[in-house]
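Results of the structural survey
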Amino acid sequence: MLMKKLCWTLLFVSVTLCSCVPPPRNTGVEPDHASVTEMETRMFDQINRVRQKSGLRSLQHSARLRELARSQSRDMAKHHYLAHVDSQGRDLQARFAAARLENWRTIGENVARSMGYDHNDEVMVKGWLNSKHHRDNIMNGEFESTGMGVIQGADGIYYATQIFMRAAR
């Protein structure tokens with residue numbers, strides 16, 4: 001049963017919090033052996049397959065958005081939190097400005113963390129798809145590009161950030 005493998009999965013979007021059962025102390029579950037880059041690729045592909053099935057165009061990969069997403073995931077892992085505001089108090093718009101990403105019209109973000117599953121990336125995407133606000137970001141036809149950033153913390157927890165963007169014209 002899935003609940004036996006559950007260590008913890010928490011998802012946030014804007015002010016919406018979705019949480020699952022907290023992890024037991026010792027699960028005996030081996031960590032995910034995929035590299036974080038492989039996880040990012042699989043998550044990106046999963047998101048685009050869902051969009052295509054719904055008649056939406058695929059999101060284009062953006063290396064700049066990926067680096068910004070990785071930075072947020074790295075900060076969350078280092079400081080043991082899950083939020084859209086980083087440890088310096090910057091929201092997504094402020095992080096865009098700090099990264100000098102100014103040519104945008106619409107931006108969005110999904111964040112998640114997970115551990116204890118055979119495929120943590122699939123669990124996080126499934127969580128996003130089962131959350132109305134996360135799914136709204138994924139299925140937003142205005143978004144054209146995305147960056148996925150996954151970092152594994154020292155405690156074994158995977159942190160994921162997906163940033164969406166539509167460029168200004």
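Residues numbered from 1 in each chain as written. Predicted model: local features only at pLDDT ≥ 70, side-chain atom pairs only at ≥ 80, totals over all residues. Heavy atoms only, no water.

**Thoughts on the overall build of the chain**
Along its length, the chain carries 6 helices and 6 strands. Scanning the chain from its N terminus toward the C terminus, one meets helices and strands in the order α-β-β-α-β-α-α-β-α-α-β-β. Per-residue burial for the chain yields a buried fraction of 49% across its 169 residues. Taking the contacts inside the chain whose residues are at least 6 apart along the sequence as the reference set, 68% of them involve residues at least 24 apart. (Helix = DSSP H or I, 4+ residues; strand = E, 2+ residues; numbered from the N terminus. Buried < 20%, exposed > 50% of the residue type's maximum accessible area, 1.4 Å probe, protein only. Contact = heavy atoms within 4.5 Å.)

**Side note on the pairing of strand β5 (residues 145-152)**
Counted residue by residue, β5 has 7 buried out of 8 residues, so it is predominantly covered. Examined bridge by bridge, strand β3 (residues 60-61) and β5 share 2 bridges and lie parallel to one another. Note that in β5 the partner of Q60 across the bridge is S145. The sheet contact formed by β5 and strand β6 (residues 158-167) spans 8 bridges and is antiparallel. The residue bridging Q152 from the neighbouring strand is Y158, located in β6. Connecting the antiparallel pair β5 and β6 is a turn made up of 5 residues, with G156 showing a positive phi of about 90°. (Pairing = 2+ DSSP bridges.)

**What about helix α2 (residues 36-53)?**
Here α2 is 18 residues long and its end C-alpha atoms lie 26 Å apart, about the 26 Å a rise of 1.5 Å per residue gives. Among the residues of α2, M39, E40, M43, F44, Q46, I47, N48, V50 and R51 are the ones counted as buried. Those residues of α2 that are buried are in contact with β3, α3 (63-79), α5 (120-129), α6 (132-138), β5 and β6. (Expected span 1.5 Å × (residues − 1).)

**Quick look at the side chain of N120**
Inspection of the secondary structure puts N120 in helix α5. A polar side-chain atom of N120 sits 3.3 Å from the main-chain carbonyl oxygen of Y117. (Polar contact = N/O pair within 3.5 Å; in protein donor to acceptor, adjacent residues only side chain to side chain.)

**A few points about unusual backbone geometry**
In the Ramachandran plot, H80 falls in the positive-phi region, its phi being about 55° despite a non-glycine side chain. Relative to the elements of secondary structure, H80 occurs in the loop between α3 and α4 (92-98). Of note, the phi angle at R100 is positive, near 60°, even though the residue is not glycine. Here R100 lies in the loop between α4 and β4 (104-115).

**Examining the pattern of salt bridges**
What the rule picks out here adds up to 8 salt bridges. D86 is the salt-bridge partner of R90, the closest N and O atoms lying 2.8 Å from each other. On the accessibility criterion, R90 (27% relative accessible area) is partly exposed. Between R169 and E144 there is a salt bridge, and its shortest N-O distance comes to 2.2 Å. Linking R169 in the segment after β6 with E144 in the loop between α6 and β5, this pair joins segments that are 25 residues apart in sequence. Judged by its relative accessible area of 74%, R169 is exposed. According to the relative accessible area criterion, E144 is buried, its value standing at 17%. One salt-bridge network, in which partners are shared between bridges, spans E40, R66, E67 and R70. (Salt bridge = Lys/Arg side-chain N within 4 Å of Asp/Glu carboxyl O.)

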